[in-house]
Amino acid sequence: MKRWTHSDRIVAPSVLAADFSRIAEECSRAIAAGGDWLHLDVMDGHFVENISFGPAMVEAIHATNDIFLDVHLMITNPDRYLPQFLKAGADLISVHVEADHDLASTLAEIRKAGCLAGLAFNPATPLSEVEPFLDQIDLLLAMTVVPGFGGQSFMPEVMPKVEEAVRLRSERALEFHIEVDGGIDPSTAVAASAAGANVLVAGSSTFKAPDMSAAVRAFRDA
Ligand code: DX5
Ligand code: ZN
């Protein structure tokens, strides 16, 4: 599989906005449209209000294609379920700094399994909470909505944290990607990219677009 760097602009359609009754076709549609990664939102009804899907869905998607799977765990005990998501075929697993776990050991566990490790933080969480872990991650996920549901509005007030993360990354000579998630469409992607995000998660603006290929192309040109 291609080795992506933070100079690549990566478009990651979020399957949360797909038609679950035709999930394999929906994933193929996202790949054919030019999506680079598939973003899979796992929600436990506890860490966030909503319940989405678990490792069985990740495994089913993995079985139908070999696209890079970016798994976003919005669950209270990520360490407890890690083995199942690793086995399901995740290429990258992001865990939340606000969840209840020993973060350093969870991140180490993910990497030990040969998977990339991501660290997610909510709009209300200061960057100082994730700062001590920046040398232990492959991706920093800045939530640009309060997690739980697709279709919410992008919060531009998160951008200063993205800019600061870019500054820390170069100061410390690190290589992690910066991903934005929530309310991303070709126009909000301009602000996010300008701030320094290179991975753009997009649910509604890709899967619900009348022409998904045109939508993904618009992200490339943004
Ligand atoms: C929100 C999820 C997002 C969601 C984004 O809690 O983490 O990944 O799918 O959906 P849109 O792009 O519709 O805001
Ligand atoms: Zn997500």
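As shown above, the structure is provided for reference.
As a convention, each chain's residues are numbered from 1 in the sequence order in which they are written. Going through the entries in the order they are written, you letter the chains from A and number the ligands from 1. Two thresholds apply to this predicted model, a pLDDT of at least 70 for residue-level local features and 80 or more for giving and counting side-chain atom pairs, whereas whole-chain, interface and lining totals are computed over all residues. As a rule here, side-chain values come from all non-hydrogen atoms in the structure, and water together with hydrogens is ignored.

Enquirer: Where do I start with the packing of helix α5 (residues 159–171) against helix α6 (residues 188–195) in this structure?
Expert: Axis angle and axis distance: for two packed helices, these are the angle between their axes and the distance between the axes, and together they describe the pair. It is at 8 Å that the axes of α5 and α6 come closest, and there the two elements cross at 30 degrees. Put simply, α5 runs roughly parallel to α6. Residue-level inspection shows Met 159, Val 162, Glu 163 and Val 166 of α5 in contact with α6, the latter providing Ala 191, Ala 192 and Ala 195. Gly counts as polar in this scheme, as do all residues outside two lists: the nonpolar Ala, Val, Leu, Ile, Met, Phe, Trp, Tyr, Cys and Pro, and the charged Asp, Glu, Lys and Arg. Among the residues forming the contact of α5 with α6, the class breakdown is 6 nonpolar, no polar and 1 charged. The axes used here are C-alpha line fits, helices contributing only the stretch in contact, and every angle between their N-to-C directions lies in the interval 0 to 180 degrees. Secondary structure is summarised from DSSP: a helix means a run of H or I of at least four residues, a strand means a run of E of at least two, and numbering begins at the N terminus for each. Each angle receives one of four descriptions, namely roughly parallel if under 35 degrees, roughly antiparallel if over 145, roughly perpendicular if within 65 to 115, and oblique otherwise. Should any heavy atoms of two residues lie within 4.5 Å, those residues are counted as being in contact.

Enquirer: Honestly, the coordination of the zinc ion (ligand 2) in this entry has me stumped. Any pointers?
Expert: Reference geometry at the metal: tetrahedral coordination by four donors gives ideal angles of 109.5 degrees; octahedral coordination by six donors gives 90 or 180 degrees. Listed donors are limited to N, O and S atoms within 2.8 Å of the metal, widened to 3.2 Å for Na, K and Ca; water is not among them, so incomplete-looking sites are possible. The coordination sphere of the zinc ion (ligand 2) contains the protein donors His 39 (NE2), Asp 41 (OD), His 72 (ND1) and Asp 181 (OD), at a distance range of 2.0 to 2.3 Å. For the zinc ion (ligand 2), the 6 donor atoms in the first shell make angles of 68 to 168 degrees at the metal, so the coordination geometry reads as octahedral. Linear spacing of the donor residues for the zinc ion (ligand 2) on their chain is H-x1-D-x30-H-x108-D. Exposure classes here rest on a 1.4 Å probe applied to the protein chains alone. A residue is buried below 20% of its type maximum, exposed above 50%, and partly exposed in between. Judged by its relative accessible area of 0%, His 39 is buried. Only two sets of limits are used to name each site, 85 to 135 degrees for every angle of a tetrahedral four-donor site, and over 155 degrees for opposite donors with all other angles from 65 to 115 for a square planar four-donor or octahedral six-donor site, with any other site named irregular.

Enquirer: Before we go on, may I ask you to explain the layout of surface pockets in this structure?
Expert: Summary: where empty space remains is shown by rolling a probe the size of a single water molecule over the atoms. Any residue with an atom within 4 Å of a point lines the site, the site being either a cavity, points on a 1 Å grid over the protein atoms alone where a 1.4 Å probe fits but cannot get out, or a pocket, an open set with protein on both sides within 12 Å along at least 5 of 7 lines. Grid points are joined across faces, edges and corners, and a volume is the space filled by probe spheres set on the points. As a volume, the largest pocket reaches approximately 320 Å³. Taken together, 26 residues form the lining of the largest pocket, with Gly 150, Gly 151, Gly 182, Gly 183 and Gly 203 sitting closest to its centre. Mapped onto the lining of the largest pocket, the elements with two or more residues apiece are β2 (37–43), β3 (68–74), β8 (199–202) and α7 (204–207). Partitioned by chemical class, the residues of the lining of the largest pocket number 11 nonpolar, 11 polar and 4 charged. By volume, the second largest pocket amounts to about 280 Å³. The wall of the second largest pocket is formed by 15 residues, among which Arg 3, Trp 4, Leu 116, Asp 138 and His 177 lie closest to the centre. Tallied by class, residues from the lining of the second largest pocket come to 7 nonpolar, 3 polar and 5 charged.

Enquirer: Can you walk me through the packing of aromatic side chains in this structure?
Expert: Aromatic ring pairs are reported here in terms of the distance separating the ring centres and the angle at which the planes meet. Note on aromatic pairs: the rings of Phe, Tyr and Trp (six-membered ring only in Trp) are paired at centre separations within 6.5 Å, and the planes decide the class, stacked below 30 degrees, edge-to-face beyond 60, tilted for the rest. For the structure shown, the criterion picks out 3 aromatic pairs. Between the aromatic rings of Trp 4 and Trp 37, the centroid separation amounts to 6.1 Å while the plane-to-plane angle is 85 degrees, which identifies the pairing as edge-to-face. You can see Trp 4 sitting in the segment before β1 (10–13) and its partner Trp 37 sitting in strand β2, a full 33 residues away along the chain. In this pair, the class of Trp 4 matches that of Trp 37, namely buried. Summarising the aromatic geometry, the rings of Phe 20 and Phe 53 are spaced 5.8 Å apart at their centres and angled 65 degrees between planes, so their arrangement reads as edge-to-face. Of the two residues, Phe 20 is situated in the loop between β1 and α1 (23–32) and Phe 53 in the loop between β2 and α2 (55–64); the sequence distance between them amounts to 33 residues. Residue classification places Phe 53 among the buried positions, given a relative accessible area of 10%. Aromatic rings pair up to connect Trp 4, Trp 37 and Phe 68 into one cluster. Only lysine NZ and arginine CZ atoms are considered, and such an atom sits over a ring when it is within 6 Å of the ring centre and within 35 degrees of the ring normal. Directly above the aromatic system of Phe 176 lies the positively charged group of Arg 169, at a separation of 5.7 Å from the ring centroid.

Enquirer: What's the story with the site of ligand 1 in this structure? I'm lost.
Expert: Whether a residue is near a molecule or strand is decided by its heavy atoms; if any one of them lies within 4 Å of it, the residue is near. Neighbouring ligand 1 are 20 residues; Ser 14, Asp 41, Asp 181, Gly 203 and Ser 204 lie closest to it. Counting of polar contacts relies on pairs of N or O atoms within 3.5 Å, with two restrictions inside protein: one atom must be capable of donating a hydrogen and the other of accepting it, and residues adjacent in sequence are counted only when both atoms are side-chain atoms. A distance of 2.8 Å separates an oxygen atom of ligand 1 from a polar atom in the backbone of Gly 148. Broken down by secondary-structure element, the contributors of at least two residues to the shell around ligand 1 are β2, β3 and β8.

Enquirer: Looking at this model, I keep getting lost on the side chain of Ser 52. Mind explaining?
Expert: Topologically, Ser 52 is positioned in the loop between β2 and α2. Here Ser 52 falls in the buried class, since its relative accessible area comes to 18%. Polar side-chain contacts of Ser 52 include one of 2.6 Å to the backbone oxygen of Asp 41. Within the local environment of Ser 52, its side chain forms a polar contact with the backbone nitrogen of Met 43, the two atoms lying 2.9 Å apart. Once you skip the residues sitting within four places of it in the chain, Ser 52 turns out to touch Leu 16, Asp 41, Val 42 and Met 43.

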